[in-house]
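# Survey of secondary and tertiary structure
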Amino acid sequence: MVVSDQVARGKHSLDVEWFRRELEHERQFRLEQLISLSYQADAPCSTALDEVRAALTAGARRALAEIDAALFRLSRDTFGVCELCGQAIPSYRLIAIPTIRLCLPCERSQPGPRD
C-alpha cells in the first residue's frame, strides 16, 4: 500500500514505510550485486568482459548512491518533494522511480541526457 496518512503530499499521503522497505530491498540487491561483481573481477577473463564488469559495477554504485540519497530524504522528511521547486512529486512517479529527485516539469527543464 502506498497511500496512507503518514506524510501528506497534496491530495494523498505517502506510506513512508512502504517506500523504505522497497528502497532497503533494492539497496540489498545492489550490495549483493557489487559483492558478486568483485568476486568475478578476481577471475581471469578477456578485456571485453572486464569492461562489461566495470560498467556494471559503476552502474550498481550509482544506483546504490541514489538509493542511499532517497533513504536520507526519507529520514529528513523531504522524500517526495522536488529538489528544485519544492513541489510534491506525484505518488505514481515515486512508485515508478522511488529514487526520483525532481518533479517532471523540473526534470524536463534540466539540460543533458535523461535516464
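Structure report, in brief. (Residues numbered from 1 in each chain as written. Predicted model: local features only at pLDDT ≥ 70, side-chain atom pairs only at ≥ 80, totals over all residues. Heavy atoms only, no water.)

## A look at the overall build of the protein
From N to C terminus, the protein includes four helices and two strands. The secondary structure elements of the protein, listed N-terminal to C-terminal, are β-β-α-α-α-α. Residue burial in the protein is summarised as follows: out of 115 residues, 32% are buried. Residue pairs in contact within the protein that sit at least 24 positions apart in sequence constitute 45% of those at least 6 positions apart. Split by element, the accessible area of the protein, about 7600 Å² in all, is 56% carbon and sulfur. (Helix = DSSP H or I, 4+ residues; strand = E, 2+ residues; numbered from the N terminus. Buried < 20%, exposed > 50% of the residue type's maximum accessible area, 1.4 Å probe, protein only. Contact = heavy atoms within 4.5 Å. Areas by Shrake-Rupley, 256 points an atom, 1.4 Å probe, with all protein chains shown as cover.)

## A word on the nonpolar core
The biggest cluster of nonpolar side chains holds 17 residues, and the ones touching the most others in it are Phe 19, Leu 23, Leu 74, Phe 79, Cys 82, Ile 89 and Leu 94. Among the secondary structure elements, those contributing two or more residues to this core are helix H1 (16–41) and helix H2 (47–75). Each residue touching Leu 94, except ones within four places of it in the same chain, is listed here: Leu 14, Phe 19, Phe 79, Gly 80, Ile 89 and Ile 100. (Core = buried A, V, L, I, M, F, W, Y, C linked by side-chain atoms within 4.5 Å.)

## Focus: the environment of Glu 83
Checked against the element boundaries, Glu 83 lands in the loop between H2 and helix H3 (91–96). With 20 residues separating them along the chain, Glu 83 and Cys 103 place their C-alpha atoms 8.3 Å apart. Once you skip the residues sitting within four places of it in the chain, Glu 83 turns out to touch Arg 73, Arg 101 and Leu 102.

## Focus on the state of the cysteines
Applying the stated criterion across every chain yields a total of zero disulfides. Free cysteine Cys 82: the closest other cysteine sulfur is in Cys 106, separated by 3.6 Å. (Disulfide = S-S within 2.5 Å.)

## Regarding a nonpolar patch on the surface
A surface patch of nonpolar side chains, about 250 Å² in accessible area, is lined by Leu 49, Val 52 and Leu 56. Looking at the element boundaries, Leu 56 is found in helix H2. (Patch = residues over 30% accessible without salt bridge, like charges linked within 9 Å, V, L, I, M, F, W, Y side chains within 5 Å. Salt bridge = Lys/Arg side-chain N within 4 Å of Asp/Glu carboxyl O.)

## A closer look at the packing of aromatic side chains
Throughout the structure, instances matching the rule amount to two aromatic pairs. Judged by centre distance (5.0 Å) and plane angle (55°), the ring pair of Phe 19 and Phe 79 falls under tilted. Here Phe 79 lies in the loop between H2 and H3 and Phe 19 lies in helix H1, a separation of 60 residues in the sequence. (Phe/Tyr/Trp six-rings, centres within 6.5 Å; stacked < 30°, edge-to-face > 60°.)

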